[in-house]
Amino acid sequence: LRSALLNKKKNVFVLKNFDVKEGKTREVIEMLGNFKVKSALFIDEAMPVKFQKASRNISSVKVSTVKMLNVYDLIKYEHVFLTVDATKKIAEVLK
């Protein structure tokens, strides 16, 4: 897990949260466009329901929690988006 994260270090974005106002797919697509990202793995300690609903129709996006994080997903998706809480939890686990 540590090695996979280190290989992605140029493609990792840390955000405050994954809030979407309306829970619409369009909002997630706009976010991906703003970062110029084609495929992404979103990881949070506890994923917001609206964000899960907004992203489930996008085949190039996967939403996961820290507990469900695995090496396969880190390798498969080009970019990784983490929340601050998820980053702290992952650092704690990897110590």
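Use the structure listed above.
Let me sum up the structure you'll find in this document.

## Quick look at the pattern of salt bridges
Stage number 1. All chains considered together, the criterion is met by three salt bridges.
Stage number 2. The partner of Arg-26 in a salt bridge is Glu-22, with the nearest N and O atoms 3.6 Å apart.
Stage number 3. Taking the relative accessible area as the measure of exposure, Arg-26 reaches 45% and is therefore partly exposed.
Stage number 4. By relative accessible area, Glu-22 is classed as exposed at 51%.

## Here's the deal with the nonpolar core
Stage number 1. Formed by 15 residues in total, the largest nonpolar core has its most connected members in Phe-18, Val-28, Leu-32, Ala-40, Phe-42, Phe-51 and Phe-81.
Stage number 2. Secondary-structure elements contributing two or more residues to this core are helix H2 (25-34), strand E2 (40-44) and helix H3 (49-55).
Stage number 3. Counting residues in hydrophobic clusters, the runner-up holds 12 residues, among them Ala-4, Leu-5, Leu-74 and Tyr-77.

## Re the layout of surface pockets
Stage number 1. Here the largest pocket defines a volume of roughly 210 Å³.
Stage number 2. Around the largest pocket sit Arg-2, Leu-5, Leu-6, Lys-9, Val-12, Leu-82, Thr-87, Ile-90, Ala-91 and Leu-94, which together line it.
Stage number 3. Mapped onto the lining of the largest pocket, the elements with two or more residues apiece are helix H1 (2-7) and helix H5 (84-94).
Stage number 4. Sorting elements by how many residues they give to the lining of the largest pocket places H5 first, with four residues.
Stage number 5. Taken together, the residues of the lining of the largest pocket sort by class into seven nonpolar, one polar and two charged.

## Looking at the packing of aromatic side chains
For any two aromatic rings, the description comes down to two numbers: the centre-to-centre distance and the angle of the planes.
Stage number 1. Under the definition given, this model contains seven aromatic pairs.
Stage number 2. Between Phe-18 and Phe-51, the aromatic rings sit 5.2 Å apart at their centres with planes inclined by 25°, giving stacked as the arrangement. With Phe-18 in the loop between strand E1 (12-15) and H2 and Phe-51 in helix H3, this residue pair connects regions lying 33 residues apart in the sequence. Pair check on accessibility: Phe-18 and Phe-51 agree, each one buried.

## Topic: the side chain of Ser-39
Stage number 1. One can find Ser-39 in the loop between H2 and E2.
Stage number 2. Exposure remark for Ser-39: the relative accessible area of 16% places this residue in the buried category.
Stage number 3. Within polar-contact distance, the side chain of Ser-39 engages the backbone nitrogen of Glu-78 at 2.9 Å.
Stage number 4. Filtering out sequence-adjacent residues up to four positions away, Ser-39 remains in contact with Ser-60, Tyr-77, Glu-78 and His-79.

Analysis parameters
- Here the residue numbers are simple positions, counted from 1 along each chain's written sequence.
- With the structure being a predicted model, the display of local features is reserved for residues of pLDDT at least 70 and the display and counting of side-chain atom pairs for 80 or more, all residues being used for whole-chain, interface and lining totals.
- Water and hydrogen atoms play no part in the side-chain values, which are based on all heavy atoms of the structure.
- Any carboxyl oxygen of Asp or Glu within 4 Å of a side-chain nitrogen of Lys or Arg constitutes a salt bridge here.
- Buried, partly exposed and exposed residues are distinguished by accessible area as a fraction of the type maximum, computed with a 1.4 Å probe on protein chains only: under 20%, between the cut-offs, and over 50%, respectively.
- We define a nonpolar core as any set of buried Ala, Val, Leu, Ile, Met, Phe, Trp, Tyr and Cys residues linked to one another through side-chain atoms lying within 4.5 Å.
- Helix and strand definitions here come from DSSP, where helices need a minimum of 4 consecutive H or I residues and strands a minimum of 2 consecutive E residues; each element is numbered from the N-terminal end.
- Cavities and pockets were defined on a 1 Å grid built over protein atoms only: a cavity is a set of grid points that admits a 1.4 Å probe from which the probe cannot escape, a pocket is an open set flanked by protein on both sides within 12 Å along at least five of seven lines, and lining residues are those with an atom within 4 Å of any such point.
- Grid points are joined across faces, edges and corners, and a volume is the space filled by probe spheres set on the points.
- Residues were grouped as follows: Ala, Val, Leu, Ile, Met, Phe, Trp, Tyr, Cys and Pro as nonpolar; Asp, Glu, Lys and Arg as charged; and all remaining residues, including Gly, as polar.
- By convention, a stacked pair of Phe, Tyr or Trp rings (six-membered ring in the case of Trp) has centres within 6.5 Å and planes under 30 degrees apart, an edge-to-face pair has planes over 60 apart, and any other such pair is tilted.
- A 3.5 Å cut-off defines polar contacts: any pair of N or O atoms within that distance qualifies, except that in protein one atom must be a possible hydrogen donor and the other a possible acceptor, and neighbouring residues in sequence count only when both atoms are side-chain atoms.
- Pairs of residues are marked as contacts when any of their non-hydrogen atoms sit within 4.5 Å.

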